[in-house]
Amino acid sequence: MHTSAFQALEKAAVYVPLLVQEQDLAKAIQGAQALGFTGLNVTVPFKEKVIPLLTGLTSDAQVVGSVNTILFKDNKIIGHTTDGAGFQQAMEMELGISPEHKNFLVLGAGGAARAIVHQLAKQDCQVFITNRTLQRATTLATGIAPTAVRKPIVVEQEFSRLAEVTKKSHVIINTTSLGMEATKDQSPLPIELLNKEHQVIDIIYNPAETLLLRSARELGCPVQNGVGMLVWQAVKAWEFWWGVTPPVQAMYEALNNSLATR
Ligand code: NAP
């Protein structure tokens, strides 16, 4: 994605994958700073572990407790998270959804859910969270509550309670890993709870269409997979590093081409 954006703009920059062992994390960050890198992206499993190694965090990274983008500037190492803003921008661009006055049902309470719930709850909307491990959903809701316009509501995974909340929800978002290759025959929500009024987003991008998304599409629901979030979190990272918006279309094409050849 980044390489195609550099090429489109004839920007003299490179973006490379770097494999780091956990015991070398601090040396890797300091090394990148010493070598004059503009910044880094950080992914699983280091999104939380990098935090003590940084000199500052943006307010979003602070609330979410996770960093996917680092900026080296004026001898400082600033951590930021672009997952939530990337998610929202993709949702607005692809499905035309803005959060105000909507009810969202978020399936899952892991790292991605934290970023998405924080982003949504900054606006005047109601977020419901359900998760296999209920305590994790409660911890997420409690952590987000101080910055939320409306406190997220935790929903037990009991069928009638899920049915009631699903019926009230305008947008359903899967943030669990259920539906990826190893669990491709499973849905994070009983399919019979969907109706054609729902808008359904699955942040999984490989496979491009999970069982949840296929079922929703077949019912006639507008659907969106995880490609948009992946592109827009990268766009937001670029904006954080350079203060300009990269050519988004070139990034979508590069990512879709890469996923198609997997
Ligand atoms: P994570 O922190 O490990 O969270 C995983 C979530 O999935 C938890 O809520 C977990 O529930 C749930 N889960 C896992 N296996 C399950 C099962 N068998 N049954 C029910 N629930 C299950 O992972 P993450 O970083 O949030 O990532 C989650 C997914 O989002 C992954 O598929 C990842 O690829 C995708 N993602 C996409 C983007 C994008 O840009 N499109 C960005 C980030 C992540 P428990 O709490 O009960 O374990």
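Residues numbered from 1 in each chain as written. Predicted model: local features only at pLDDT ≥ 70, side-chain atom pairs only at ≥ 80, totals over all residues. Heavy atoms only, no water.

Draft legend 1. Region of interest: the environment of Arg262. The residue Arg262 is located in the segment after α10 (248-260) in this model. By relative accessible area, which is 69% here, Arg262 ends up exposed. Between the alpha carbons of Arg262 and Glu197 there is a distance of 33 Å; along the sequence they are 65 residues apart. (Helix = DSSP H or I, 4+ residues; strand = E, 2+ residues; numbered from the N terminus. Buried < 20%, exposed > 50% of the residue type's maximum accessible area, 1.4 Å probe, protein only.)

Draft legend 2. Here's a closer look at the packing of aromatic side chains. This model, assessed by the stated rule, comprises five aromatic pairs. Plain terms: the ring middles of Phe6 and Trp238 are 5.2 Å apart, the flat faces sit at 35 degrees to each other, and that makes the pair tilted. In this pair, Phe6 is assigned in helix α1 (residues 2-9) and Trp238 in helix α9 (residues 227-242), connecting sequence segments 232 residues apart. Taking the relative accessible area as the measure of exposure, Phe6 reaches 4% and is therefore buried. Aromatic pair Phe6 and Trp242: ring centres 5.9 Å apart, planes at 80 degrees, arrangement edge-to-face. (Phe/Tyr/Trp six-rings, centres within 6.5 Å; stacked < 30°, edge-to-face > 60°.)

Draft legend 3. Here's a closer look at the site of the ligand. Around the ligand sit 20 residues in total, of which Ala112, Asn131, Arg132, Thr133 and Arg136 are the nearest. In the environment of the ligand, an oxygen atom lies 2.8 Å from a nitrogen or oxygen atom belonging to the side chain of Arg136. The backbone of Ser177 places a nitrogen or oxygen atom 3.4 Å from an oxygen atom of the ligand. In terms of residue class, the shell around the ligand is made up of nine nonpolar, nine polar and two charged. (Near = heavy atom within 4 Å. Polar contact = N/O pair within 3.5 Å; in protein donor to acceptor, adjacent residues only side chain to side chain. Nonpolar A, V, L, I, M, F, W, Y, C, P; charged D, E, K, R; others polar.)

Draft legend 4. Expanded view of the pattern of salt bridges. Taken as a whole, this structure holds twelve salt bridges when the rule is applied. Measuring nitrogen to oxygen at the nearest pair gives 2.9 Å for the salt bridge that ties Lys47 to Asp83. Residue Lys47 is located in the loop between β1 (39-41) and β2 (56-57), and its partner Asp83 is located in helix α4 (residues 83-95); the two are separated by 36 residues in the primary sequence. Its relative accessible area of 8% is what places Asp83 among the buried residues. With a closest N to O distance of 3.8 Å, Glu156 and Arg161 form a salt bridge. Judged by its relative accessible area of 37%, Glu156 is partly exposed. (Salt bridge = Lys/Arg side-chain N within 4 Å of Asp/Glu carboxyl O.)

Draft legend 5. Layout of empty space enclosed by the protein. Counting across every chain of the model gives one cavity of 30 Å³ or more. Looking at the largest cavity, its volume works out to about 40 Å³. Considering the residues around the largest cavity, the lining is formed by Asp60, Val64, Thr81, Gly84, Ala85, Ala115, His118 and Gln119. Of all the secondary structure elements, the ones that give two or more residues to the lining of the largest cavity are α3 (59-64), α4 and α5 (111-121). Here the element with the most residues in the lining of the largest cavity is α5; it accounts for three residues. (1 Å grid on protein atoms, 1.4 Å probe; cavity = no way out; pocket = protein on both sides within 12 Å on 5 of 7 lines; lining within 4 Å. Points joined across faces, edges and corners; volume = space filled by probe spheres on them.)

Draft legend 6. Examining the environment of Leu9 more closely. When you line up the elements, Leu9 lands in helix α1. Remark: the alpha-carbon pair of Leu9 and Pro246, spanning 237 residues in sequence, is separated by 8.1 Å. Ignoring anything within four residues of it in the chain, the contact list for Leu9 reads Trp238 and Pro247. (Contact = heavy atoms within 4.5 Å.)

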